Amino acid sequence: MKTLVLLSLFFPILSLAGENLPSRAKRMKALEDAGLFSFVQAQQMDELDQDLLYMRARRSSAEELKALYPSLPLEGLRAFSKEAQ
Amino acid sequence: MKILLLGLLLALPARADIVFFDLNFSPMEITAVTAAAKARGEKAHIFPERTPEQQRDLDKYYRLAQSLQTKLRGCQGADCGEIIRRLAEVQERLQAITAVMRKVENGELENIFASLDARSVKVSTMIFSGHSGGTGQVGGLLGGIVVGQVRQAFDKYPRLLEPVRAILLWGCYSGTLHSLSGIWQKNFPSVSTWGGFENRSPLGIRESSGRFLKSFLLSESKLRAAKGLNDAHRVFRSLDLVAELDGTAVVRDMYFTYDQAALVSEMLQRCQAFDNGMMDQFLCYDEGRAGCENPPADHRGALRDIYNYLQKNRHCHGSLKEKYPQLPSLEYLIRLIYLDNVKKNFVAQHAAESSSFGRIMKEVGPVPPLADFGKSTRKQDMEAFGAMATGLNALGFRDLSIVDRPNWKPAMLASMAKEALTNLLGPSFYRTFESSCVPFSWVDPGSREKDSCQFSQSVEDPLPVTMESQLVAMLAHTHIDKYLADHMLRGFWIDIPRDKEVWKEMNKAQLRLQIKDLEQLSDRSALEEARLALAREKLIHLDGIGPRELAAEEAAGLRGLVVLTGEKIEWAGAQPHGEVAKIALEERRRIMERRIADLEQIAQGLQP
């Protein structure tokens, strides 16, 4: 506990916000569950593009996503609920 | 008739059982193991053993401690003091509950193995659950084991190992390829099935951890019986929560994650593809060297290739990290690739702090205005960071001993602003972390999300109460930390005579370095001067003493520190925002007092 207290006092910077990038396994499962895996394959997305899609899907509205990915099927996006984390 | 029955019983093969080591209190996993054992027609043995009352009390206080620790991370000002106080109380309760239990420590593992062996228990699966760093150790509130101890215990009771088909390691990073194959399987080649987590694992009080464990235990035999890699991967992918929890498995010579299945040898081979050239490419852009002045505007090229490689080959992370300590995390790399957008968000969100940043930085020399960081290249940023470091050094800011100089405050503020700025935009200690204070959404322009790099607080004028409170704490601890370092009290948890000798030699080497560094400074502060004199004295003294004197000296040093801490507690209590610092210091003093008592006992038992 001493370490925790000292860290919180000395390094307020460590109070981080936000969500980390997913592992490839977690991302793949989420994209599969959302029915987006065939979209990813059709677009020939590399690892980085898939991570961007995953993170945007978790954070952005359907309108914002549609603007970025016009052919994205939006039906399964609810699967990106934060509960899975 | 009785003799006949007994004879029949003895003739039956011993039933296979699951042995579960609950090293950090995991009630949901106990439920899962019990249910899975029943379904497998086996018995579950849980260690350390506990009464239902102990289990109930552990549950209550363990959950309370977790919740208080979460609150402590997000608290502010005086609230933190109350949380620290409550947390200390709860932890004392937990210590009292576990003190009467037979924790898995100090040879208890061998006692457990002896008892299982004596009862002819046939172990099919063994599970170690607790905190882990993926380096062959698992532990927590209820004990701890390292792979060597398990090896030793099995060597002593080899009959126990023969029927073991699976060992599951239920802790963070325990399921990396290196942990499962390189550490555990290497020690126990007869065990065919291994399971764990590639990243962080959930606490054992969470339902998810139990669900995955139960599913694994119920599918274990199917995994082994699968015909080939693809069939086994299909079984593995069907495990409950396997992807969500980053579960992994090794079955004989095959390694599985949800997204990949390959032979262990093939997985290891892939790590060879990362070479010096790739690392140099990263450093070239990260440091804005000639030819890499800025990451490409189309976000493609070498940095992206490195990102794709590292994401696809996360299993190489451990071995690559040993070879390249500066290997960036994915979090860092993606922000570097999209540095243009990160900087646009930074300038847009912090425009209002431009003038106070300029005022603070005036002390350290020619630093560009804040808005310039929106259009500058990485190379230009690196030059600006370099100029800030030079300016701070000229002010005498080398470490926290700056507080002993008359002009400490402007230099401290400038240093904090520089730190916050580099954490946002430059190479920083976040380079190798799996997290960042820059929100992910900054990779796109126009983000509304705020960063948590504390830049705004660092350039706020006047200082906000929270920052002042942290500053008071920092200043109170500065002298204590210097005292600890100067009196060589950093090794004060070592109790073995031989280790004390090793520690002494290490410290002598450190002292020589410290003396050399301090002698090179032409403008030593009063504290630095005192540290130099003490280091010279200590080096001469260390030569002539043994373990017993070392323990006695540590106790004496700590007694001095208790007095110094008392002074700082009074000082912090007198400051307008010193309450949190005061409580933290009191806690620190309490730990030191306990340690002094231990050291005095140790010194009595050691040879002079």
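No experiment lies behind these values; they were computed from the predicted model shown. (Residues numbered from 1 in each chain as written. Chains lettered and ligands numbered in written order. Predicted model: local features only at pLDDT ≥ 70, side-chain atom pairs only at ≥ 80, totals over all residues. Heavy atoms only, no water.)

Undergrad: So, the pairing of strand 1 (residues 16-22) of chain B: which residues are in play, and what are the values?
TA: All names here are of chain B. Of all seven residues in strand 1, seven are buried, a share of seventy percent or more. Side chains of strand 1 alternate between two faces, with Ala 16, Ile 18, Phe 20 and Asp 22 and Asp 17, Val 19 and Phe 21 buried alike. Where strand 1 meets strand 3 (residues 122-129), seven bridges bridge the pair, whose relative direction is parallel. By the bridge assignment, Asp 22 is partnered in strand 3 with Ser 129. (Buried < 20%, exposed > 50% of the residue type's maximum accessible area, 1.4 Å probe, protein only. Helix = DSSP H or I, 4+ residues; strand = E, 2+ residues; numbered from the N terminus. Pairing = 2+ DSSP bridges.)

Undergrad: Break down helix 12 (residues 276-286) of chain B for me, citing the residues and quoting the values.
TA: All names here are of chain B. Burial in helix 12 covers these residues: Met 278, Met 279, Phe 282, Leu 283, Cys 284, Tyr 285 and Asp 286. Residues of helix 12 that are buried make contact with helix 13 (302-312), helix 15 (330-337) and helix 18 (378-394). Phi turns positive one or two residues past the end of helix 12, at Gly 288, with a value near 60 degrees. (Contact = heavy atoms within 4.5 Å.)

Undergrad: Explain the state of the cysteines to me, using residue names and the numbers behind them.
TA: All names here are of chain B. Per the stated rule, a full pass over the model turns up three disulfides over all chains. Here Cys 271 engages in a disulfide with Cys 316; their sulfurs sit 2.1 Å apart. Between Cys 271 and Cys 316, the disulfide has an S-S torsion of -85 degrees and is therefore left-handed. A residue pair is termed long-range when its members are at least 10 positions apart, and Cys 271 in the loop between helix 11 (264-270) and helix 12 and Cys 316 in the loop between helix 13 and helix 14 (317-323) qualify at 45 residues. (Disulfide = S-S within 2.5 Å.)

Undergrad: Any chance you could break down the interface of chain B and chain A for me, citing the residues and the numbers?
TA: Opposite the 55 residues of chain B that make contact, chain A presents 37 residues. Across the interface of chain B and chain A, roughly 4200 Å² is buried in total on both sides, 61% from carbon and sulfur atoms. The largest contributions to the chain B side of the interface with chain A come from Glu 244, Asp 259 and Phe 440 of chain B, which together make up 14% of the buried area. The interface formed by chain B and chain A holds nine salt bridges in total. A salt bridge links Asp 246 of chain B to Lys 26 of chain A; the shortest N-O distance between them is 3.4 Å. (Buried area = accessible area lost by both parts, 1.4 Å probe. Salt bridge = Lys/Arg side-chain N within 4 Å of Asp/Glu carboxyl O.)

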